[in-house]
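A closer look at the structure
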Amino acid sequence: MPTRASPIHLPIRLLLRAALLAAGLVLPVAGHAAPTAERPATDQPAAERPAVAIAAETAASPEGGTRLTVVLSRPVEAKAFVMERPDRAIVDLPEVNFQLPPEAGRKRDGLVASYRYGLFAPGRSRIVIDLAQAATVARVATTTRPRDGATLLTIDLARSDREAFRRAAQAPEPTRPAGPPAQEGIDSRPLVIVDAGHGGIDPGAIAGNGVYEKDIVFGVAQGLVRRLEFGGRIRVQMTRDRDVFVPLAERVRIARDAHADLFVSIHADSISAAPQVRGATIYTGSEKATDAESARLADRENKADAAAGADQGEGPGDVADILQELTLRETRGFSARFAKGLLTRLSGVMEMSVKPHREAGFRVLRSPDVPSVLVELGYLSSKRDLDLLLSDEWRTRVTGQMAEAIEAFFAARMPAAATARGADGPRIGKSAQIGPAPVSP
């Protein structure tokens, strides 16, 4: 059990602050502000706002296993289960505003190798516990601590043999976040889907200073959206508009269901073993990777669903006939053409990697009829790249060039744009043609 020196025993003033934060009566302390996506909305009644998680720790449980205890501002309902490949315990919660310190969950303790937390879907949060060995969830309970009224959520893990763990393991409920709202009326401008990588419970790469990839790329994606909307020649939607987890197949589905003309996914890699490596890379989809490094990166990115404790779901089906095969080939041709133009624009404002255009089997690039690229902006493991990624001035230059590359791609009025796209054709057609830019106000 926690000792008096443990951080789980917080001063009354911190617990009071958590309660006030949940009620929207105070703002987070400067330098420790919650992500915008998880900050309670002030127009919600206090009872409807998310509970606030203000501390967490692991310790040995009385039964000999490991206990994770989370301090909350009020009680919540929790459901837990375990999953294989990789072995992990999942705790599903209603939406929780996590105000935990950056180092929370990174230290191995007993049966817990590490844990992460965040928004898993609108209105739902999740804690994913990576297991150091096979274990089952013996108990999940919430209790009120008498001395200060705090709610303690405890998850007790018990050692298990492989066979018992396999019997206990289950597949999670598939999550289908709501897609972007449908456009009213007819708008012939091309539609671009901007995909900010990772999100919610999936932080992506983590920089040495504790900054998450999901936050960096979301800021860049928002900047690109604002620039395209200001230009007025492109319709634009995001796969996520806040810090929420979106499964990989769902990102592809959003683009296809919206009949998008282009899909741009934004990421930032990390190679801790090679901090000298830096520069941006543009990827297009292919069954065969350009090189081993690209294959490893795609494999790592493709495991995002598993890391979040989600069912990987189904991506686009296999090519069924020669017509679909030709469509896929044509779509990848458009993807490569856009990648080339984007590379030309970005080379003037940012450092590019040794091989700036590569191919790999990223799941988010598997749409057979939406030209798609994945942009790795740089490496969080490189101090020079990280400084740039955190610079507002640098982001403005980069998103400006990305927007110009997108506008130029459609303004070229490719041969396929002469006629409206067919149901089985790539998403390039009359709706993907643009005219002169409007005059800025």
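Residues numbered from 1 in each chain as written. Predicted model: local features only at pLDDT ≥ 70, side-chain atom pairs only at ≥ 80, totals over all residues. Heavy atoms only, no water.

Comments concerning the pairing of strand 9 (residues 151-159)
Among the nine residues in strand 9, seven count as buried, and that is most of the element. For strand 8 (residues 135-144) and strand 9, the ladder comprises nine bridges, and the chain directions are antiparallel. Paired with T142 across the strands is L153, a residue of strand 9. Joining the antiparallel neighbours strand 8 and strand 9 is a turn of six residues, in which G149 adopts a positive phi near 80°. (Buried < 20%, exposed > 50% of the residue type's maximum accessible area, 1.4 Å probe, protein only. Helix = DSSP H or I, 4+ residues; strand = E, 2+ residues; numbered from the N terminus. Pairing = 2+ DSSP bridges.)

As for the pattern of salt bridges
Pairs can form between side chains of opposite charge once their charged atoms are near each other. Going through the model one piece at a time under the given rule, you end up with 33 salt bridges. Note that R162 and E84 form a salt bridge whose closest N and O atoms lie 3.3 Å from each other. Residue R162 is located in helix 2 (residues 162-168), and its partner E84 is located in the loop between strand 3 (79-83) and strand 4 (88-94); the two are separated by 78 residues in the primary sequence. Overall, the relative accessible area of 17% leaves E84 in the buried class. Shared partners join several salt bridges into a network, and the residues in it are E84, R85, D87, R162, E163, R166 and R167. (Salt bridge = Lys/Arg side-chain N within 4 Å of Asp/Glu carboxyl O.)

What to know about the environment of P371
With respect to the helices, strands and loops of the structure, P371 is situated in the loop between strand 14 (352-360) and strand 15 (372-379). Spatially, the C-alpha atoms of P371 and S335 are 4.6 Å apart, while their sequence positions differ by 36 residues.

Here's the deal with the sheet that holds strand 8
Each strand in a sheet pairs with its neighbour through backbone hydrogen bonds, running either in the same direction (parallel) or in the opposite one (antiparallel). The strand order across the open sheet built from five strands is 5-1-2-9-8, with neighbouring strands paired in mixed fashion. If you trace the sheet from one side to the other, it starts and ends with strand 5 (96-98) and strand 8, each paired once. In this sheet, neighbouring strand axes are inclined to one another by 30° on average, regardless of whether the strands run parallel or antiparallel. Sheet topology note: the strand 2 (residues 66-72)/strand 9 ladder contains seven bridges and is antiparallel. Across the sheet, L68 pairs through a bridge with I155, a residue of strand 9. (Axes fitted to C-alpha atoms, helices over the stretch in contact; angles between N-to-C directions.)

A word on unusual backbone geometry
With omega at 0°, the peptide bond leading from R85 into P86 counts as cis. Secondary-structure assignment places R85 in the loop between strand 3 and strand 4. Taking the relative accessible area as the measure of exposure, R85 reaches 72% and is therefore exposed. Its identity as a non-glycine residue notwithstanding, H259 has a phi of 55°, on the positive side. Mapped onto the elements, H259 comes out in the loop between helix 4 (248-257) and strand 12 (262-269).

Observations concerning the sheet that holds strand 13 (residues 280-285)
Taken in spatial order, the six strands make up an open sheet running 11-10-12-15-13-14, and their pairing is mixed. The open sheet is flanked by strand 11 (235-238) and strand 14, the only strands paired with a single partner. In this sheet, adjacent strand axes meet at a mean angle of 20° when their direction is disregarded. In this sheet, strand 14 lies alongside strand 13 in parallel orientation, the contact comprising five bridges.

Section: the packing of helix 3 (residues 213-231) against helix 9 (residues 392-411)
In the contact formed by helix 3 and helix 9, the axes pass within 9 Å of each other and the chain directions differ by 50°. Considering their axes alone, helix 3 and helix 9 lie oblique with respect to each other. Regarding helix 3 and helix 9, the two cross each other, and that crossing is right-handed. Between helix 3, through I216, G219, V220, G223, L224, R227, L228 and G231, and helix 9, the contact on the second element is made entirely by R395, T399, G400, M402, A403, E404, I406 and E407. Tallied by class, the residues present in the contact of helix 3 with helix 9 amount to seven nonpolar, five polar and four charged. (Parallel < 35°, antiparallel > 145°, perpendicular 65-115°, else oblique. Left-handed = near helix turned anticlockwise from the far one by under 90°. Contact = heavy atoms within 4.5 Å. Nonpolar A, V, L, I, M, F, W, Y, C, P; charged D, E, K, R; others polar.)

Digging into the nonpolar core
If you look at the biggest cluster of nonpolar residues, it comprises 44 residues, and the most contacted ones within it are V264, I266, F338, M402 and I406. Ignoring sequence-local partners within four residues, the contact set of M402 consists of L224, V264, I266, L342, L346 and V375. Counting 28 residues, the second-largest nonpolar core is a separate cluster that includes L72, L93, L131 and L153. (Core = buried A, V, L, I, M, F, W, Y, C linked by side-chain atoms within 4.5 Å.)

Focus on the confidence of the model for the protein chain
Counting all residues, the mean pLDDT for the protein chain is 81, and 75% of those residues have values of 70 or more. In this model residues 1-7 is a low-confidence stretch, pLDDT under 50, and it forms eleven contacts with partners more than four residues away in sequence or in other chains. For residues 429-433, every residue scores under 50 in pLDDT, and the model assigns this stretch 24 contacts once sequence neighbours within four places are set aside. (pLDDT = per-residue confidence, 0-100.)

Things to note about the packing of aromatic side chains
The description of an aromatic ring pair rests on the distance of the ring centres and on the angle between the ring planes. Per the stated rule, a full pass over the model turns up six aromatic pairs. Look at Y115 and Y117: their rings are 6.5 Å apart centre to centre, the planes differ by 45°, and that puts the pair in the tilted class. Just as Y115 is buried, Y117 falls in that class too. On the basis of an interplanar angle of 65° and a centroid distance of 5.1 Å, the ring pair of Y283 and F362 is categorised as edge-to-face. With Y283 in strand 13 and F362 in the loop between strand 14 and strand 15, this residue pair connects regions lying 79 residues apart in the sequence. Side by side, Y283 and F362 carry an identical accessibility label, which is buried. One aromatic cluster in this structure is built from F98, Y115 and Y117. Over the aromatic face of F120 sits the side chain of R126, whose NZ or CZ is 3.8 Å from the ring centroid. (Phe/Tyr/Trp six-rings, centres within 6.5 Å; stacked < 30°, edge-to-face > 60°. Lys NZ or Arg CZ within 6 Å of the ring centre and 35° of its normal.)

Some thoughts on the side chain of T399
The residue T399 is located in helix 9 in this model. Taking relative accessible area as the criterion, T399 reaches 5% and is therefore assigned buried. Within the structure, T399 has its side chain in polar contact with the backbone oxygen of R395 (distance 2.8 Å). With near-sequence residues (within four places) excluded, T399 lies in contact with V220, G223, L224 and R227. (Polar contact = N/O pair within 3.5 Å; in protein donor to acceptor, adjacent residues only side chain to side chain.)

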